[in-house]
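Examining the three-dimensional arrangement
Each chain is listed here by its residues.
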2 protein chains.
Amino acid sequence: MFQIQAADKQARAGILKTTHGEILTPIFMPVGTRASVKSLSPQDLKDAQTQIILGNTYHLYLRPGDELIRDLGGLHSFMSWNGPILTDSGGFQVFSLAKLRKITPDGVEFSSHIDGSKHFFSPEKAIFIQQNLGSDIMMVLDECVPYGADYDYTRASLAITTAWAKRCREVHTNHKQLLFGIVQGGFFEDLREESAKQITQIPFDGYAIGGLSVGESKEEMLKFMNFTAPLLPYNKPRYLMGVGKPVDILEGIRAGIDMFDCVLPTRNARNGTLYTSEGKINIKREKYKKDLSPLDPECNCYTCKNFSRAYLRHLYVTKELLAYRLNTLHNVTYFLNLVKKAREAILASKFDEFYFKIKNLYPED
Amino acid sequence: MFQIQAADKQARAGILKTTHGEILTPIFMPVGTRASVKSLSPQDLKDAQTQIILGNTYHLYLRPGDELIRDLGGLHSFMSWNGPILTDSGGFQVFSLAKLRKITPDGVEFSSHIDGSKHFFSPEKAIFIQQNLGSDIMMVLDECVPYGADYDYTRASLAITTAWAKRCREVHTNHKQLLFGIVQGGFFEDLREESAKQITQIPFDGYAIGGLSVGESKEEMLKFMNFTAPLLPYNKPRYLMGVGKPVDILEGIRAGIDMFDCVLPTRNARNGTLYTSEGKINIKREKYKKDLSPLDPECNCYTCKNFSRAYLRHLYVTKELLAYRLNTLHNVTYFLNLVKKAREAILASKFDEFYFKIKNLYPED
């Protein structure tokens, strides 16, 4: 299911097999919240060499509904994407987006952020929903502990997350969908260690680090990522949830992590912040008004091959719909090229060289 | 420059040669207001078999500015569209969108709808701006008389429009850009006749009917279109500005008109109203929630080949950016197929048959 092809210190290059195809790791997963990576078509995603996308269980459960998607043939068919899909468990959105949450050992009750309607996710239900969606990789239901939670709360929450993980594992019996466990434990080393010990004792197909990038400093994030990564089994895929900036991703790869997702490239694209081989640029700046050069001369995406910075600035400033797509296509291409080059660097035993090169591009990140 | 290849009663099939390529007529021109057909890339336009697009001089003059576009190599290069482009004169938007208009025989003073800044379009300036844009077909500056204007106002306006047309003709000397005149005259037959007589005496490369589709009833629109079309030279391209619905376009073709533009397919796409071989549908309707059929089984566009009505409804209801593009791509494809089939019907001397078939599809239009 997962093969490590090469390693350069902690960094690994591997192949993860799923029902809808193989994924070369390390990999970045563009976020397709509601059965669409915002503004991009499946063809755009293929053009960007996307290998796997992420779907949000919470959003899809609410709209259009997981049972509807099941009845229509599953998420792949519904959105016309025939590559691999990972779905989260819905937990993160329940804890960050939904209202009136009530957590019990049974599960979590919440109100929809759309219409206030009441819903309940048990660990079993999170799996059933993801089975309806038919994703290639499912995630267990967990509590993503809010930043600032104290030791006692975090320890109690960790126990619930472990109990839920067991119930998810027990209820999932098909072999078409992989199931990943999630380590929590907040910002306490002993609790991270405890969570990792408990979760890795359950036989999952991969293991994720949850609860990072929730408001802590960059130093704390890196500290707990580096602390937790080696606690995960070496021969299983490791996934750092919701991270991050280009440098953060390379820090993760350097710590031995294989999979990443983040809304950053897509959301920033819609805000006019674009990633290039020369660093980040804000396309709305006056200095690009007459700039005939491509957004990134080293990029081969449709945006960079066909349009000038001056045109992209014009589209952005006038809020033309095309701006969102061209910018998103480029940023997604950039992130996918980043992990592709990281993989090549690992295979060539030159990862650190690549890591420092990118780190120099983003002195403020 | 313009060759009529076949005629079926008044309807004609022709070829119009421009600097950026030949256009097979009758043709529909998607509207690319601000150097972008909203939500579509140039590749999308090619996929829809777009032959010529329309750019709005008023909008481009304000943002990003015609001199900037000239300095950057012209509108084609700026927006990466290498097919023909027609630009209007800016007059229509000045009279419908700008504020504090003051018309004198010299030209029209107006305030920008964006920032209130003051501007002045003389007939010469309208041409200079379009020369900066570098369009293939330019339009003369005219006054689009508002619906309800009385006889005396309309007669006085007509005289100004004719004087402006002459000045546009005199100041335009390059041979790379064609220049079309515009017949006005409101809703008075003798004034339409007078305007047509005056305008057609000026040697333009084509002639347009302006001042229709400005608030009048469908009957009036058709009456004045049918009255004015035969007053235009037979062997020059005829353009009905700002029209219209599929049936209106066929009425125009039936009256001997060759060129059409309208925001209808693009604007309606963004409102969820989609044109199909079975008539108009509103994709947000509950009845499409589980509809696995393509939007239009007879259409070969990317949208119809890859997605179900259920998915398109989901994207539309959740306001996903992809909805606007997929819907627009389809509607533009529909309008271009419509005029393509009209052309084939003319070449086969079966235009009326086609006309009645489409008319039956839209009983309420």
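Preceding block: the structure.
A few points on the structure. Model, not experiment: these values are computed from the prediction.

1. Section: the overall build of chain A
Helices and strands together make up the secondary structure of chain A, namely 15 helices and 16 strands. Computed over C-alpha atoms, the radius of gyration of chain A comes to 20 Å, within 12% of the 21 Å expected from 2.2 N^0.38 for 365 residues, which places it in the range of a compact globule. The principal-axis extent of the C-alpha atoms belonging to chain A is close to 60 × 45 × 40 Å. In chain A, buried positions account for 55% of the 365 residues. Contacts in chain A between residues at least 24 apart in sequence constitute 67% of all its contacts with a sequence separation of at least 6.

2. Some details on the nonpolar core
Of all hydrophobic cores here, the largest spans 216 residues; its most connected members are Phe180 of chain A together with Phe180 of chain B. Apart from the residues lying within four places of it in its own chain, the contact partners of Phe180 of chain A are Ile137, Met139, Phe204, Asp205, Gly206, Tyr207, Ala208 and Tyr239 of chain A.

3. A few points about helix H7 (residues 151-171) of chain A
The terminal C-alpha atoms of H7 of chain A, which comprises 21 residues, lie 30 Å apart, in line with the 30 Å expected from a rise of 1.5 Å per residue. Along H7 of chain A, the residues classified as buried are Thr154, Ser157, Leu158, Ile160, Thr161, Thr162, Trp164, Ala165 and Cys168 of chain A.

4. Some details on the packing of H7 of chain A against helix H8 (residues 189-200) of chain A
All names here are of chain A. One way to put it is that H7 packs onto H8 with a least axis distance of 10 Å and a crossing angle of 10 degrees. With respect to H8, the axis of H7 lies roughly parallel. Across from Thr154, Arg155, Leu158, Thr161, Thr162 and Ala165 in H7, the residues of H8 making contact are Leu191, Glu194, Ser195, Gln198 and Ile199.

5. Regarding the relation of the copies chain A and chain B
Expressed as a screw operation, the relation of chain A to chain B combines 0.0 Å of axial shift with a rotation of 180 degrees, fitting to an RMSD of 0.0 Å. Read as a symmetry element, the transformation amounts to a two-fold axis. Scanning chain A for the C-alpha nearest the rotation axis identifies Leu321 of chain A, at a separation of 3.9 Å. When the interface residues of chain A are mapped onto chain B, 100% of them again fall at the interface, so both copies present the same face.

6. Quick look at the sheet that holds strand S1 (residues 2-8) of chain B
Residues and elements named next belong to chain B. With respect to topology, three strands assemble into an open sheet ordered S1-S2-S3, the strand pairing being antiparallel. Two strands in the sheet have a free side with no partner beyond their single neighbour: S1 and strand S3 (21-25). The sheet shows a mean angle of 10 degrees between the axes of neighbouring strands, direction not considered. As judged from the five bridges shared by strand S2 (residues 11-18) and S3, these two strands associate in the antiparallel manner.

7. Comments concerning helix H10 (residues 246-254) of chain A
Residue and element names in this part refer to chain A. Counting buried residues in H10 gives nine out of nine residues, a clear majority hidden from the surface. Residues Pro246, Val247, Asp248, Ile249, Leu250, Glu251, Gly252, Ile253 and Arg254 constitute the buried set of H10. Two residues or fewer past H10, Gly256 is found with a positive phi of approximately 95 degrees.

8. Remarks on the interface of chain A and chain B
Across the contact, 30 residues belong to chain A and 30 residues belong to chain B. Those elements giving two or more residues to the side of chain A that touches chain B turn out to be helix H3 (66-71), helix H4 (75-79), helix H13 (309-317) and helix H14 (321-347) of chain A. Taken together, the residues of the side of chain A that touches chain B sort by class into 16 nonpolar, seven polar and seven charged.

9. Overview of the environment of Glu344 of chain A
Residues and elements named next belong to chain A. On the secondary structure map, Glu344 appears in helix H14. Classification of Glu344 as partly exposed rests on a count of 13 C-beta atoms within 10 Å. Sequence spacing of Glu344 and Gly32 is 312 residues, and the spatial spacing of their C-alpha atoms is 26 Å.

10. Focus on the pairing of strand S2 (residues 11-18) of chain A
Residue and element names in this part refer to chain A. Extensive coverage of S2 is indicated by the burial of six of its eight residues. The hairpin formed by strand S1 (residues 2-8) and S2 contains two residues between the paired strands, and Lys9 there has a positive phi angle of roughly 55 degrees. Where S2 folds back on strand S3 (residues 21-25), the antiparallel hairpin that results is connected by two residues.

About the cut-offs
- Throughout this document, residue positions are counted from 1 along each chain, in the order its sequence is written.
- Both sets of labels track the order of writing: A upward for chains, 1 upward for ligands.
- Since the coordinates come from a predicted model, pLDDT governs what is reported: local features require at least 70, and pairs of side-chain atoms require 80 or more to be given and counted, while whole-chain, interface and lining totals use all residues.
- Helix and strand assignments follow DSSP, with helices taken as H or I runs no shorter than four residues and strands as E runs no shorter than two, numbered in order from the N terminus.
- A radius of gyration in this sense is built from C-alpha atoms; the matching globule rule multiplies 2.2 Å by the number of residues raised to 0.38.
- Here the C-beta atoms are placed from the backbone, and a residue counts as buried if at least 20 other C-beta atoms lie within 10 Å of its own, exposed if 12 or fewer do, and partly exposed otherwise.
- Whether two residues are in contact is decided by their C-beta atoms, placed from the backbone, lying within 7 Å.
- We call a set of buried Ala, Val, Leu, Ile, Met, Phe, Trp, Tyr and Cys residues a nonpolar core when their C-beta atoms link them within 7 Å.
- Each helix should span, by expectation, one fewer than its residue count multiplied by 1.5 Å.
- Where helices are involved, their axes are fitted lines through C-alpha atoms of the stretch in contact, as for all axes, and angles between N-to-C directions lie from 0 to 180°.
- By the definition adopted for this analysis, an angle is roughly parallel if under 35 degrees, roughly antiparallel if over 145, roughly perpendicular if from 65 to 115, and oblique otherwise.
- The fit set for superposing copies consists of C-alpha atoms from residues with pLDDT of at least 70 in both; the fit itself is least squares.
- Any two strands with at least two DSSP-identified bridges between them are counted as paired.
- Basically, the charged four are Asp, Glu, Lys and Arg, the nonpolar ten are Ala, Val, Leu, Ile, Met, Phe, Trp, Tyr, Cys and Pro, and anything else, Gly included, counts as polar.

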